[in-house]
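Spelled out, the chains give:
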Amino acid sequence: MRKGYGKMLIEFSYLLSKMEDKIGSPEKPLSDLGLLTYRSYWKGVLLDFLLDFKRPTVSIKDLSSETAISQYDIISTLQSLGMLKYWKGKHVLLRRQDVLREHRRKQQVKAKHSQLIDAKYLRWSPYEKEAPRVCVPRV
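What comes next concerns the included structure. (Residues numbered from 1 in each chain as written. Predicted model: local features only at pLDDT ≥ 70, side-chain atom pairs only at ≥ 80, totals over all residues. Heavy atoms only, no water.)

Structural notes on helix α1 (residues 5–19)
Because each turn of an α-helix spans 3.6 residues, side chains separated by three or four positions end up pointing in the same direction.
Piece 1. With 15 residues, α1 ought to run about 21 Å at 1.5 Å a step, and its terminal C-alpha atoms sit 21 Å apart, in line with that.
Piece 2. Listing the buried residues of α1 in full gives I10, E11, Y14, L15, L16 and S17.
Piece 3. Buried positions along α1 lie against α2 (32–52), α3 (60–67) and α4 (71–80).
Piece 4. Taken from the residues just after α1, D21 is the one with a positive phi, measuring 55°. (Helix = DSSP H or I, 4+ residues; strand = E, 2+ residues; numbered from the N terminus. Expected span 1.5 Å × (residues − 1). Buried < 20%, exposed > 50% of the residue type's maximum accessible area, 1.4 Å probe, protein only. Contact = heavy atoms within 4.5 Å.)

Some words on the layout of surface pockets
Piece 1. Roughly 180 Å³ of volume is contained in the second largest pocket.
Piece 2. With three residues, strand β2 (residues 90–93) is the single largest residue contributor to the lining of the second largest pocket. (1 Å grid on protein atoms, 1.4 Å probe; cavity = no way out; pocket = protein on both sides within 12 Å on 5 of 7 lines; lining within 4 Å. Points joined across faces, edges and corners; volume = space filled by probe spheres on them.)

So, the packing of α3 against α4
Piece 1. Packing of α3 against α4 brings their axes to within 9 Å, and their N-to-C directions diverge by 110°. One way to sum up the angle between α3 and α4 is to call them roughly perpendicular. For the element pair α3 and α4, the recorded crossing hand is right-handed. Contacts between α3 and α4 pair I60, K61, L63, S64 and T67 from the former with Q71, I74, I75 and L78 from the latter.
Piece 2. For the contact of α3 with α4, the per-class residue count stands at five nonpolar, three polar and one charged. (Axes fitted to C-alpha atoms, helices over the stretch in contact; angles between N-to-C directions. Parallel < 35°, antiparallel > 145°, perpendicular 65-115°, else oblique. Left-handed = near helix turned anticlockwise from the far one by under 90°. Nonpolar A, V, L, I, M, F, W, Y, C, P; charged D, E, K, R; others polar.)

Given below as structure tokens:
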């Protein structure tokens, strides 16, 4: 029986990346199972974001900065969902209502069983490297 610990660790990793104002991505190459797990996580995060997003346009860069998911991972995930087309030299995001509705439906069923990390309880600050101290001999 799967417990979802892999996704929880992925979520925790991306939460730390957000706190550091960095964009995260797993080490490559990923195993087949690793790619499935990450793709499932990215799909959930991106669809949750798009369900809450009310403005008429959004860029891949905006999605990346809001979710801490790399642009490459966002593009590959949206392409796998059939929600991204390349048109006139640009990526165009298609807000496929059928995909969003299905995600919302599954989200309501899973809500009872999901393990989420609540960022408000995280007490952590990124490591800040100190400047090296220079010892000057006394004369």
